[in-house]
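So you can see what is in the structure, the chains are spelled out below.
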Amino acid sequence: MDTTLKIIKTENSRLGDFDFNNMPGFGNAFSDHMFEADFIDGEWKNFTIRPLSNFSIHPANLTLHYGQAIFEGMKASLSKEGTPFIFRPFDHAKRLNMSAARMSMPSFPEDVFVDVLEKLIMIDKDWIPPMEGSAMYIRPFMFAMDGLIGVKPSQTYKFMILLLPVGAYYNKPLYLKVETEYVRAVRGGIGEAKAAGNYAASLYPYVEAKKEGFDQVLWLDAIELKYVQEISTMNIFFVLKDKVITPALDGALLKGITRDCFIKILKSKNIPIEETKINIYEIFELYKKGELLEVFGAGTAAIVANVDRLSLKGEVIQLDVSKYTISPMIMSTINKIRSGEYPDDFGWLKPVVQEVFA
Ligand SMILES: *Cc1c(COP(=O)(O)O)cnc(C)c1O
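Sequence order as written defines residue numbering, which begins from 1 separately in each chain. Whole-chain, interface and lining totals are the exception, using all residues; otherwise, since this is a predicted model, local features are given only for residues with pLDDT of at least 70 and side-chain atom pairs are given and counted only at 80 or more. No hydrogens and no water enter the side-chain calculation; it runs on all heavy atoms of the structure.

What follows deals with the environment of V356. By the criteria applied, helices consist of DSSP H or I runs no shorter than four residues and strands consist of E runs no shorter than two, each listed in order from the N terminus. Mapped onto the elements of the fold, V356 is located in the segment after β18 (349–351). Categorising residues by exposure relies on relative accessible area from a 1.4 Å probe, with only protein chains included: less than 20% of the type maximum marks a residue as buried, more than 50% marks it as exposed, and the intermediate range marks it as partly exposed. With relative accessibility at 22%, the residue V356 sits in the partly exposed group. The spacing of V356 and I161 is 195 residues in sequence and 17 Å in space, taken between C-alpha atoms. Contacts: residue pairs with any heavy atoms within 4.5 Å of one another. Residues in contact with V356, not counting those within four places in the same chain, are I7, K119, M122 and I123.

The nonpolar side chains of a soluble globular protein tend to be buried, and buried together. In these notes, a set of buried Ala, Val, Leu, Ile, Met, Phe, Trp, Tyr and Cys residues joined through side-chain atoms within 4.5 Å is what counts as a nonpolar core. In this structure, F35 and F108 are the most contacted members of the largest nonpolar core, which totals 42 residues. Of all elements in the fold, only β2 (33–40), β3 (43–51), β5 (74–78), α2 (89–102), α3 (110–123), β7 (135–144) and β8 (157–166) reach the threshold of two or more residues within this core. Once residues within four sequence positions are removed from consideration, F108 is found in contact with F35, A37, W44, F47, L96, N97, F113, M142 and F159. Judged by nonpolar contacts, the second largest core, of 27 residues, contains L240, I278, L286 and L292.

This part covers the packing of aromatic side chains. When the centres of two rings from Phe, Tyr and Trp lie within 6.5 Å, Trp using its six-membered ring, the rings pair. Their planes under 30 degrees apart give stacked, over 60 give edge-to-face, and anything left gives tilted. On inspection of all chains with the given rule, the structure shows 22 aromatic pairs. Put simply, the rings of F35, F39, W44, F47, F108, F113, Y157 and F159 touch in pairs and so form one group of aromatic residues. Here the basic side chain of K277 rests over the ring of Y227, its NZ or CZ set 4.4 Å away from the ring centre. A ring is considered to have a charge above it if a Lys NZ or an Arg CZ atom is located within 6 Å of its centre and within 35 degrees of its normal.

What follows deals with the site of the ligand. Note on definitions. A residue lies near a molecule or strand when any single heavy atom of the residue is within 4 Å of it. Surrounding the ligand, one finds 15 residues, the nearest of these being K194, Y199, E230, T258 and T300. Distance and chemistry together define a polar contact, namely a pair of N or O atoms within 3.5 Å, with one atom able to donate a hydrogen and the other to accept it when in protein, and with adjacent residues in sequence counting only for side-chain atoms on both sides. Interatomic distance of 2.8 Å between a side-chain N/O atom of R95 and an oxygen atom of the ligand. Contacts to the ligand include Y199, whose side-chain N or O atom sits 2.6 Å from an oxygen atom. Summarising the interface, the protein chains cover 97% of the accessible area of the ligand, which totals 370 Å² for the free molecule. All residues other than Ala, Val, Leu, Ile, Met, Phe, Trp, Tyr, Cys, Pro, Asp, Glu, Lys and Arg, Gly among them, are scored as polar; the first ten of these are nonpolar and the last four charged. Class assignment of the residues belonging to the shell around the ligand gives a composition of four nonpolar, seven polar and four charged. In these tables, accessible area is a Shrake-Rupley quantity obtained with a 1.4 Å probe, and a residue counts as shielded only by the protein chains included in the view.

With that out of the way, let us pick up the domain arrangement of the chain. Domain start and stop positions are those given by an automatic or database domain assignment. Per the domain assignment, the segments making up the chain are domain 1 (6–167 + 347–351) and domain 2 (174–324). A straight line from the C-alpha centre of domain 1 to that of domain 2 covers 28 Å. Contacts between the two partners involve 19 residues from domain 1, matched on the other side by 19 residues from domain 2. As used here, buried area is the combined drop in accessible area, with a 1.4 Å probe, of two parts when they are placed together. Interface area, domain 1 with domain 2, both sides summed: about 1,600 Å², of which 66% is carbon and sulfur. Only one rule defines a salt bridge in this text: a Lys or Arg side-chain nitrogen within 4 Å of an Asp or Glu carboxyl oxygen. Put simply, domain 1 and domain 2 have one salt bridge between them. Ionic pairing is found between D260 and R88, a salt bridge with its closest N-O pair at 2.7 Å. Counting the contacts that link domain 1 with domain 2 gives ten residue pairs in polar contact (both at pLDDT 80 or more). Among the elements of the structure, β4 (69–71), β5 and α2 are those that each provide at least two residues to the side of domain 1 that touches domain 2. With six residues, α2 is the largest single contributor of residues to the side of domain 1 that touches domain 2. For the side of domain 1 that touches domain 2, a count of residues per class yields ten nonpolar, three polar and six charged.

Written out as structure tokens, the structure is:
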């Protein structure tokens, strides 16, 4: 592997025209540069940081036809002193490689991943929004590059990283439709991989749910359609009278890193947390007994997303998010770790201290 990094800096930075106080919606704004590497002849090469731009692919590109594509989503932000740091980058690098293995794609060495990411962030450091709650969203992704028609793993790949400044997530409580017809993923499938195709499969039910007035779909297991999996882009937690529960990893749901943070924070506060099979019908029964106190999602984009209503085959249950205590405690703990107000006892922050010579 030739990790020599070529850096081509933009001569037309868009930063001066970017208004941090009036940022476009999540996903619409990009920093000046991107990272790119090619997998050719069995190894990663052509490491390049260059201005964000289009590129061309063969019309028979295997990604377009057979969907060999995976991604990650993570965040960097500034400490109170102005040092950029990345949140759990090695865990994201590891998960990218787990996804790659499931999709018959090459792994990208984790230390090299974090190294090039740090360099990219240093170059576009001034794009990290300074306001509390805002961040630089990092989108690493890998996809097949062979241009041929044939159902087999591609021989060539591209790995890229994009940076997107994002504002504080507006946390309107979510109204979830418990999906009892369509499924997202089945054990043995690719639900545990952060694969593009999982999202493609979720779009139709999502659009239908939106039309019916819901914000998101809550997916159930694909076999019995009764055990809770996750919300499309987030894992889910339920607070009961005496404990917090979240679906156990079963091979079909995504191993969320935010989910892992929540579990560790709850354990550190001696709040009982169980990873278990969760029957949605039992959740509705617990609600009726007054024993369901909070429901919230866990994912990198929003961190915590409160749920105030759930609809199961037309039956709606409603919670009062102003009474939630666990969810705001988790949110504030993570924010305080990120800002440096709390010590980073879990070792989640990777400061970016690299000099970039170019
Ligand atoms: C990315 C993702 C999540 C959340 O994972 P985090 O690591 O917490 O961001 C949850 N579910 C799905 C399907 C995802 O793709």
